[in-house]
Amino acid sequence: MDWQPHITVATVIEDQGRFLLVEEMAEGRAVFNQPAGHLDPNESLSQAAIRETLEETGWDVELTGVTGIYLYTAPSNGVTYQRVCFAAKALRHRPEYVLDDGIIGPHWLTRDELVAQPERWRSELVLRCIDDYLSGLCFPLSLIRD
């Protein structure tokens, strides 16, 4: 059997207690996730995080650190994902930007608003990444060697 983990990136963006989340369709239901996606060929992890955030939210961001590196096997499909989660600050919104297929739109939610709807999380990593960010653990971007 040819087993290969999927390399993904995600970005935690916080502004005054609200987090930029993506409402997207996954397995036939609308769920919340960080702006996240797969690493593309010939791109760095940092470039992937900035690109995915723009493609899914219409926001330009500046990465400020690394929140964590997570290994997660999705119960729905058995696929293993390695997620590199970045912290970032929002720079500017481009409301005219055409978002990726399957994206309903961006939402700024507080942690409490997210906690109130666990059935809407794409995975438990959504809250875990926010909680790790809120704990103050943030590693320098130099942790990532491209």
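Here, the structure is the one placed above.
Residues numbered from 1 in each chain as written. Predicted model: local features only at pLDDT ≥ 70, side-chain atom pairs only at ≥ 80, totals over all residues. Heavy atoms only, no water.

J.: Is there a simple way to explain unusual backbone geometry in this structure?
T.: Note: most residues except glycine have negative phi, and most peptide bonds are trans. Located in the positive-phi region is glutamate 27, a residue other than glycine, with phi close to 55 degrees. One can find glutamate 27 in the loop between β2 (18-26) and β3 (29-33). Unusually for a residue other than glycine, asparagine 42 sits at a positive phi of about 60 degrees. Here asparagine 42 shows up in the loop between β4 (36-38) and α1 (45-57). (Helix = DSSP H or I, 4+ residues; strand = E, 2+ residues; numbered from the N terminus.)

J.: Explain the nonpolar core to me, please; I cannot follow it from the model alone.
T.: Among soluble globular proteins, nonpolar side chains are generally buried collectively. Judged by nonpolar contacts, the single largest core of 18 residues is most densely connected at Leu21, Cys85 and Leu114. Those elements giving two or more residues to this core turn out to be β1 (6-15), β2, β5 (59-73) and α3 (125-134). Leave out the neighbours within four places in its chain, and leucine 21 touches Phe32, Asn33, Gln34, Gly105, Pro106, His107, Leu109, Leu114, Val126 and Ile130. Grouped together as the second largest cluster of nonpolar side chains are 14 residues, Val61, Leu63, Phe86 and Ile144 included. (Core = buried A, V, L, I, M, F, W, Y, C linked by side-chain atoms within 4.5 Å. Buried < 20%, exposed > 50% of the residue type's maximum accessible area, 1.4 Å probe, protein only. Contact = heavy atoms within 4.5 Å.)

J.: Can you walk me through the packing of aromatic side chains in this structure?
T.: With the rule as written, the count across this model stands at 2 aromatic pairs. Summarising the aromatic geometry, the rings of phenylalanine 19 and tyrosine 133 are spaced 5.9 Å apart at their centres and angled 90 degrees between planes, so their arrangement reads as edge-to-face. Highlighted residues: phenylalanine 19 in strand β2 and tyrosine 133 in helix α3, separated in sequence by 114 residues. The class for phenylalanine 19 is buried, based on a relative accessible area of 3%. An angle of 85 degrees between the planes, with centres 5.6 Å apart, marks the rings of tryptophan 59 and tryptophan 108 as edge-to-face. Linking tryptophan 59 in strand β5 with tryptophan 108 in strand β7 (residues 103-110), this pair joins segments that are 49 residues apart in sequence. (Phe/Tyr/Trp six-rings, centres within 6.5 Å; stacked < 30°, edge-to-face > 60°.)

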